[in-house]
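Structural description and commentary
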Amino acid sequence: MSTKQILKLDNVVKKFPVGDGRYFTALKGINLEIDKGEFAGLVGPSGSGKTTLLNIIGSLDSPTEGKAIVMGQNISELTHKESAKLRNIHIGFIFQVYNLLPVYTVFENVEFALILQNVSASERKKRVMEALEWVGLQDLADKKPDKISGGEGQRVAIARAIVKKPDIMLADEPTANLDAKNAHQIMRIMKKLNEELDTTFLFSTHDEKVMKYLERIITLKDGSIAEDKQVTPQKTLK
Amino acid sequence: MIKFLFKGIIRDSSRSVLPIIIISLGVALTVLLSGYITGMMGDTIDQNARFETGHVKVMTKAYAENKDQVPIDLALLGVDSLVKSLQNEFPDMEWVKRIRFGGLIDVPDEQGETKGQGPASGLAIELLSTKNNEVERLNLKSSLVTGSLPTQRSEAIIGHEFAEKLRISIGDSVTYFGTSMNGSMTFANFVVTGTIRFGIASMDKGAIIVDVWDAQQMLDMEDGAGEILGFLNTGVYDDEKAEKVKNAFNSKHTGNKDEFAPVMLKLRNQNNLDGLLTYVDLASGLFVAIFVFAMSLVLWNTGLIAGLRRYNEFGIRLALGESKGGIYRTLVYEAILIGIIGSFVGTAIGLGLTYYLQVVGIDVSGYMDQANIMMPSTLRAKVTPSLFYIGFIPGLFAMVFGNMLAGIGIYRRETATLFKELEV
Ligand SMILES: Nc1ncnc2c1ncn2[C@@H]1O[C@H](COP(=O)(O)OP(=O)(O)OP(=O)(O)O)[C@@H](O)[C@H]1O
Ligand SMILES: [Mg+2]
C-alpha cells in the first residue's frame, strides 16, 4: 500500500430502534476504504444514510454490526473518552449550519479546538491566525459570529476544523445554506487545503456544485453503496 | 480553559445573571442572619456577664437554688477571705462582690411626708473601691443621664425613669425600706447623686445602685455578699476556661453538704443561657441547611434551563473532541466560578447590611418587658471575621450541587443525539 489508510469500513450495519422492538436499518452493510489525501463525497437522496455514515466515521455513533476502523482504531471498542480524543486529534467536522459558539469571537471559536489540546497561548495565537489566513478571514478575528455573513461563518467553521490539522475532515452538506458564489469559494478553500496540507476530505452532499470538485463520488441508496467511482474534477471552474 | 469559560460566563448574561442574583440574595441573607445572631448573642452574653452572671459566679448552694427570689438571707458570709483565696487561686481573673436586694424607695418632701414611693430592685457593687473595674464594666459613666457617680458612702444612683416617676432630683434624699439578712425591718437614707439609663429593660424599670459597704450595713450582712462574680481579664467569655475554673473551685467543696457552702456556676449554667446558646446554634445551622436546599433546587432548575439552551454548544464541543465528562467538568467549573462571583457579591451586600444593623440596631425594648433573660433593648448585628467566608459555603455548595444535578442530563443523552441537534 503506497498511501496511508485513513479509514476502513467492513460490512457496517446501523439499525435504529423505532418502537415496539422493531428497527429501521439505515445502513445495510457498507464496505469502504478511504486513503490519505482523498477528496471524496457521499451523494444520494435524502434518507439514504449519508449523515448516519459520517457520524459513525466521526465516532459520534457506533455501528450495530460490522467494523469501522478510523485511524487504526475500532470505533465500537472506544470508550467515551477515547472517541473524544480521536475526534479531538484526528477529525475535523463541518456542518450544514456552521454552528459557531455565539458568545465567543471568531478568534476564540477557532482557538477552542486548540485549548482542548492544551496548546500554549502563544502557539494558539500563531496557529489560529494562520488558519484564519487560509480561509481569508484574518481581519474578522475579533468579530462575534452574529456580526458576520453566512459564507464567512462557514469559513470560520472550516478554520476551526482545520486549525488542529486533522487527518480527515468530515463535511455534512457544507454548502446547503450558501449561495452559489459562497459555495464555490468554500469548495475552493477546501480543495486548496486538501492540496497544500494533504488533508483528507469526506463530504456528504446533493449539491451539484460540490460534486464538480470531488475526485471520488460514492453514491448511497437506501443504506447501501450503489456506485463508487473516481472522477476527474473540472479544474476550469471559476 | 478556565479563562475561556470565564469569558463565556461574563458575556452570556443569561447563563450568569440569574444564578448570581439568586446566590447573592441567599448569601447576603446568610451573612446578615449570621452577623445578626452573632451580634445578638454576643451582646446578650456580654450583658448577662456584666450585669448578672459574671463569667463565673460564686453563691451559697441555697442561694443558687433560689436565686430568682434574691434571697439575701442565704448570702455568703466571710466573703473577704473567700475573695482573697479566689484571687490567689485564679490570678488572671477579677473577683467582685455584689448584693442584690429588693425593697421600697420612699421620697419625702420638705416636711418629711411621703412625696412618692415605689418598689425598687437594688444592686450593690464595689462602687467606691478603686481596685476593680465595676464602674467601667457596668458602663456607669456613659449611662448617666443626669448628675454624677457617688463618691462617698450613703450616696446612690437610681434609674432615670424611676427617678422621673417619683419626681426625684439630684441631691434629694431617699429612704430605702426592706428586710435585713436576718429577717427584721431595716431602712437607710441615700443621697441621689445621679440618674442612669442602661438601655436594658429589666434594669431600667426601678433600680437603685449603691456601694456594697452601705448595703452590708443596711442589710446586717457584715462581711457578706449575695454573690461573688469572677471575670476573665480578657473581658471575653471563654466557656472552656470558665469550665476549668468552675471545676477547680467546686472540687474543693464537693464534700461539703452544708447548704451555705459556696458553689460556682459558669455563665452558661445561668439564666437559661445554655439552652439559648444551644438553640441558636441549632437554629442557625438549620437555617443554613434549608437555605442550601432551597437554593440548590432553584439553581438546579436554572441550570437545567441554561443547559437546554446550550445543547447546541455541547454538540459542537463534542464534535471538536471534548468528552462528555470534560463538558460536565466544565459545567462544574462554571458553577464554581459563578458560585464564587455570587458569593462575593452576596457577602459584600450581606456585610454592608450587617454593618448597617451594627451601627443602627433594631429597637426591641417594646417586646422585652416580660423577658426574664437579660437582653439588650437594641439588637445589633456584628461584623465578625467569619462573616467574610461563611456565605461561601451555601453559595458555592448550592450552585455546584444544583448544576451537578442539572448536568446529569448530558450523560443521559446519546452523543449522536446531542450532535443531531446541530443539524437543524
Ligand atoms: N436516531 C434515529 N432514529 C431513527 N431513525 C433514524 C435516526 N437517525 C437517522 N434515522 C433514519 O435513518 C435514515 C438515514 O438518515 P440520514 O440522516 O443518515 O440520511 P441522509 O442521507 O443524511 O439524509 P439527508 O440528505 O436528508 O441529510 C433516515 O430514514 C432517517 O430517518
Ligand atoms: Mg444528512
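In case you missed it, the structure is sitting above this.
Residues numbered from 1 in each chain as written. Chains lettered and ligands numbered in written order. Predicted model: local features only at pLDDT ≥ 70, side-chain atom pairs only at ≥ 80, totals over all residues. Heavy atoms only, no water.

Turning our attention to the overall build of chain A. Each helix and strand in chain A was counted, giving seven helices and 10 strands. Computed over the C-alpha atoms, the radius of gyration of chain A is 18 Å, within 12% of the 18 Å expected from 2.2 N^0.38 for a compact globule of 238 residues. Based on the C-alpha atoms only, the size of chain A along its principal axes is roughly 50 × 45 × 45 Å. Residues counted as buried form 57% of the 238 residues belonging to chain A. The long-range fraction of contacts in chain A, counting pairs at least 24 apart against all pairs at least 6 apart in sequence, stands at 69%. If you sum the accessible surface of chain A, you get close to 10,400 Å²; carbon and sulfur atoms cover 47% of it. Across chain A, the centroid of the 34 positively charged side chains sits 2 Å from that of the 31 negatively charged ones. (Helix = DSSP H or I, 4+ residues; strand = E, 2+ residues; numbered from the N terminus. Rg over C-alpha atoms; globule rule 2.2 N^0.38 Å. Buried < 20%, exposed > 50% of the residue type's maximum accessible area, 1.4 Å probe, protein only. Contact = heavy atoms within 4.5 Å. Areas by Shrake-Rupley, 256 points an atom, 1.4 Å probe, with all protein chains shown as cover. Lys, Arg positive; Asp, Glu negative; His and termini not counted. Charge placed at Lys NZ, Arg CZ, Asp CG, Glu CD.)

Here we take up the packing of aromatic side chains. Within this structure, the stated rule accounts for 12 aromatic pairs over all chains. Considering the side-chain rings of Y104 of chain A and F4 of chain B, the 4.2 Å spacing of their centres and the 15° angle between planes classify their relative orientation as stacked. You can see Y104 of chain A sitting in the loop between β6 (91-94) and α3 (106-116) and its partner F4 of chain B sitting in helix α1 (residues 2-11), one on each of two chains. Between F177 of chain B and F187 of chain B, the ring centres sit 6.0 Å apart and the planes meet at 35°, which makes this aromatic pair tilted. With a gap of 10 residues between them, F177 of chain B in strand β7 (residues 173-179) and F187 of chain B in strand β8 (residues 185-196) connect regions that are remote in the sequence. In this structure F187 of chain B comes out as exposed when scored by relative accessible area, which is 55%. Aromatic rings pair up to connect F39, F201 and F203 of chain A into one cluster. (Phe/Tyr/Trp six-rings, centres within 6.5 Å; stacked < 30°, edge-to-face > 60°.)

So, about the interface of chain B and chain A. Tallying the contact residues gives 26 residues for chain B and 29 residues for chain A. Approximately 2,500 Å² of surface area, both sides summed, lies buried where chain B meets chain A, with 65% of it carried by carbon and sulfur atoms. Counting every contact that joins chain B to chain A gives two salt bridges. One salt bridge in this structure joins E108 of chain A and R11 of chain B, with 2.6 Å as the shortest N-O distance. The tally of links from chain B across to chain A stands at six residue pairs in polar contact (both at pLDDT 80 or more). Mapped onto the side of chain B that touches chain A, the elements with two or more residues apiece are α1, α12 (311-319) and α16 (415-420) of chain B. Tallying contributions element by element places α12 of chain B first for the side of chain B that touches chain A, with six residues. Split into classes, the residues belonging to the side of chain B that touches chain A amount to 11 nonpolar, five polar and 10 charged. (Buried area = accessible area lost by both parts, 1.4 Å probe. Salt bridge = Lys/Arg side-chain N within 4 Å of Asp/Glu carboxyl O. Polar contact = N/O pair within 3.5 Å; in protein donor to acceptor, adjacent residues only side chain to side chain. Nonpolar A, V, L, I, M, F, W, Y, C, P; charged D, E, K, R; others polar.)

What follows concerns the sheet that holds strand β7 (residues 168-172) of chain A. Residue and element names in this part refer to chain A. Strands sit in the order β6-β7-β8-β3-β9-β10 across an open sheet of six strands; the sheet is mixed. Among the strands making up the open sheet, the edge pair consists of β6 and β10 (224-230). Taken pair by pair, the neighbouring strands of this sheet meet at an average axis angle of 15°, ignoring direction. Here five bridges tie β7 to strand β8 (residues 200-205), and the two strands are oriented parallel to one another. Within the sheet, the bridge partner assigned to A171 lies in β8 and is F203. Relative to the sheet, helix α2 (residues 80-90) contacts β6 and β7, its axis offset from that of β6 by approximately 80°. Helix α5 (residues 150-162) contacts β6 and β7 of the sheet and is inclined by roughly 170° relative to β6. (Pairing = 2+ DSSP bridges. Axes fitted to C-alpha atoms, helices over the stretch in contact; angles between N-to-C directions.)

Time to look at the pairing of strand β9 (residues 207-211) of chain B. All names here are of chain B. Buried residues dominate β9, accounting for five of its five residues. Of the two faces of β9, the one carrying A207, I209 and D211 and the one carrying I208 and V210 are both buried. Direction of pairing for strand β4 (residues 114-125) relative to β9: parallel, over a ladder of five bridges. Of the residues in β9, the one forming a bridge with A124 is V210. Relative to β9, strand β6 (residues 155-159) runs antiparallel, the two sharing two bridges.

Before going further, it helps to spend a moment on the site of ligand 1. Residues in close proximity to ligand 1 total 14 residues, the closest being S46, G47, K50, T51 and T52 of chain A. In this structure, ligand 1 sits where chains A and B come together, each supplying nearby residues. At 2.4 Å from an oxygen atom of ligand 1 is found a side-chain nitrogen or oxygen belonging to S46 of chain A. The contact in question runs from an oxygen atom of ligand 1 to an N or O atom on the backbone of G49 of chain A, over 3.0 Å. Protein contacts shield 68% of the accessible area of ligand 1, which totals 630 Å² for the unbound molecule. Breaking the shell around ligand 1 down by element, the ones donating at least two residues are β2 (23-35) and α1 (50-57) of chain A. A breakdown of the residues in the shell around ligand 1 according to their chemical character gives four nonpolar, seven polar and three charged. (Near = heavy atom within 4 Å.)

Attention shifts here to the pattern of salt bridges. Within the structure shown, the criterion is met by 32 salt bridges over all chains. A salt bridge links E65 of chain A to K15 of chain A; the nearest nitrogen and oxygen atoms lie 3.5 Å apart. One end of the pair, E65 of chain A, is in strand β4 (residues 65-70); the other, K15 of chain A, is in strand β1 (residues 5-17), with 50 residues separating them in the sequence. Its relative accessible area of 38% is what places E65 of chain A among the partly exposed residues. Taken together, the shared-partner salt bridges in this structure form one network comprising R310, E313, R317, E322 and E334 of chain B.

This next bit is on the side chain of D172 of chain A. Residue and element names in this part refer to chain A. Within the secondary structure, D172 is located in strand β7. Buried and unpaired, D172 has K50 as its nearest opposite-charge partner, separated by 7.0 Å. A polar contact of 2.9 Å, which involves the side chain of D172, links it to the side chain of T51.

By themselves, these figures tell us nothing about what the structure is for.
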